[in-house]
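# Structural characterization, general
Each chain, letter by letter, is given below.
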Amino acid sequence: DAKTTQPNSMESNEEEPVHLPCNHSTISGTDYIHWYRQLPSQGPEYVIHGLTSNVNNRMASLAIAEDRKSSTLILHRATLRDAAVYYCILPNYGGSQGNLIFGKGTKLSVKP
Amino acid sequence: GAVVSQHPSWVICKSGTSVKIECRSLDFQATTMFWYRQFPKQSLMLMATSNEGSKATYEQGVEKDKFLINHASLTLSTLTVTSAHPEDSSFYICSAIFLARLAGNNEQFFGPGTRLTVL
């Protein structure tokens, strides 16, 4: 399964944009890029996913590099509630029924 | 959005007892549910994949006789930790996928987790 690399931690100020990077140099042509986040003491929460084109939803935007070897999750205006661990995942759908393999993720801290 | 619930949210039990955790998809049907375990300050680790009406598929290193999984309906999967010991204390999380053809663009919906403490 394709692996991802993320910084261990990042800091942001409240109401400022945050760009969370993810490298996935071994991505295959059919791998979707998923982002989930986990707030303290809670189950993970789906954020966004994409294949080739940039994607936007009410929570965030996903910018995918043209060669698809990296992507960036963009929170346009960070709030204190966005403090969480963010996981960039390429779902292992190839014969493995869609399970998600979680790496260490990026712990985002948001300062007021 | 789709909602997945877990019950109980936390449980404390004595060593040697068994504990059952329920995972329900409240507003959708899920042919596939997953069970994860998370130790403090660590990431989620997939334990098993649960398919409705069939036996669960366990990840390497997970004892299937210790962690019994039953997926009797399209909205309910249960995880039973048998003869629990202190080292089984962890945060157990389930997730579910919509009743649909599995594809790379299907998001998973996670439950809020169950914190198990074995004394």
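Up top is the structure these notes are about.
Keep in mind that this is a model prediction, so the values were computed, not measured.

Definitions and limits used
Residues numbered from 1 in each chain as written. Chains lettered and ligands numbered in written order. Predicted model: local features only at pLDDT ≥ 70, side-chain atom pairs only at ≥ 80, totals over all residues. Heavy atoms only, no water. Helix = DSSP H or I, 4+ residues; strand = E, 2+ residues; numbered from the N terminus. Rg over C-alpha atoms; globule rule 2.2 N^0.38 Å. Buried < 20%, exposed > 50% of the residue type's maximum accessible area, 1.4 Å probe, protein only. Contact = heavy atoms within 4.5 Å. Buried area = accessible area lost by both parts, 1.4 Å probe. Salt bridge = Lys/Arg side-chain N within 4 Å of Asp/Glu carboxyl O. Polar contact = N/O pair within 3.5 Å; in protein donor to acceptor, adjacent residues only side chain to side chain. Core = buried A, V, L, I, M, F, W, Y, C linked by side-chain atoms within 4.5 Å. Disulfide = S-S within 2.5 Å.

On to the overall build of chain A, then. When helices and strands are tallied, chain A shows 0 helices and 9 strands. Sequence-ordered secondary structure for chain A, helices as α and strands as β, is β-β-β-β-β-β-β-β-β. A globule of 112 residues ought to have a C-alpha radius of gyration of about 13 Å, and chain A, at 13 Å, matches this closely. Seen through its principal axes, chain A has C-alpha atoms that stretch 45 × 30 × 25 Å. Across the 112 residues in chain A, those meeting the buried criterion constitute 46%. For chain A, restricting intrachain contacts to residue pairs at least 6 apart in sequence, the fraction spanning at least 24 positions comes to 56%.

Take the interface of chain A and chain B next. It is common to give the size of an interface as the accessible area that goes away when the parts come together. Residue-level contacts link 20 residues of chain A with 25 residues of chain B. Roughly 1700 Å² of surface becomes buried between chain A and chain B when both sides are summed, with 55% attributable to carbon and sulfur atoms. Seen at the junction of chain A and chain B, the total is 0 salt bridges. Linking chain A with chain B are 5 residue pairs in polar contact (both at pLDDT 80 or more), by the criterion used here. Put simply, the parts of the chain that give the side of chain A that touches chain B at least two residues each are strand 3 (33-38) and strand 4 (45-50) of chain A.

It is worth spelling out the nonpolar core at this point. Nonpolar side chains in soluble globular proteins generally cluster together in the buried interior. By size, the foremost hydrophobic cluster in this structure holds 26 residues, and its most contacted members are Val4(B), Phe28(B), Trp35(B), Phe67(B), Leu79(B), Tyr92(B) and Leu116(B). Judged by nonpolar contacts, the second largest core, of 21 residues, contains Leu39(A), Tyr86(A), Leu108(A) and Val110(A).

The next point concerns the state of the cysteines. Each disulfide consists of a covalent bond between the sulfur atoms of two cysteine residues. Residues and elements named next belong to chain A. Enumeration according to the criterion identifies 2 disulfides over all chains in this entry. One disulfide bridge connects Cys 22 with Cys 88, the sulfur atoms lying 2.1 Å from each other. Disulfide Cys 22-Cys 88: the torsion about the S-S bond is -80 degrees, which places it as left-handed. Of this pair, Cys 22 sits in strand 2 (residues 18-23) while Cys 88 is found in strand 8 (residues 84-89), placing the two residues 66 residues apart along the sequence.

You can see Arg37(B) is positioned in strand 4 (residues 32-38). When neighbours within four sequence positions are excluded, Arg37(B) is seen to be in contact with Ser43(B), Leu44(B), Met45(B), Met47(B), Phe67(B), Ser90(B), Phe91(B) and Tyr92(B).

Our next topic: the side chain of Asn51(B). Mapped onto the elements, Asn51(B) comes out in strand 5 (residues 45-51). A polar side-chain atom of Asn51(B) sits 2.9 Å from a polar atom in the side chain of Thr32(B).

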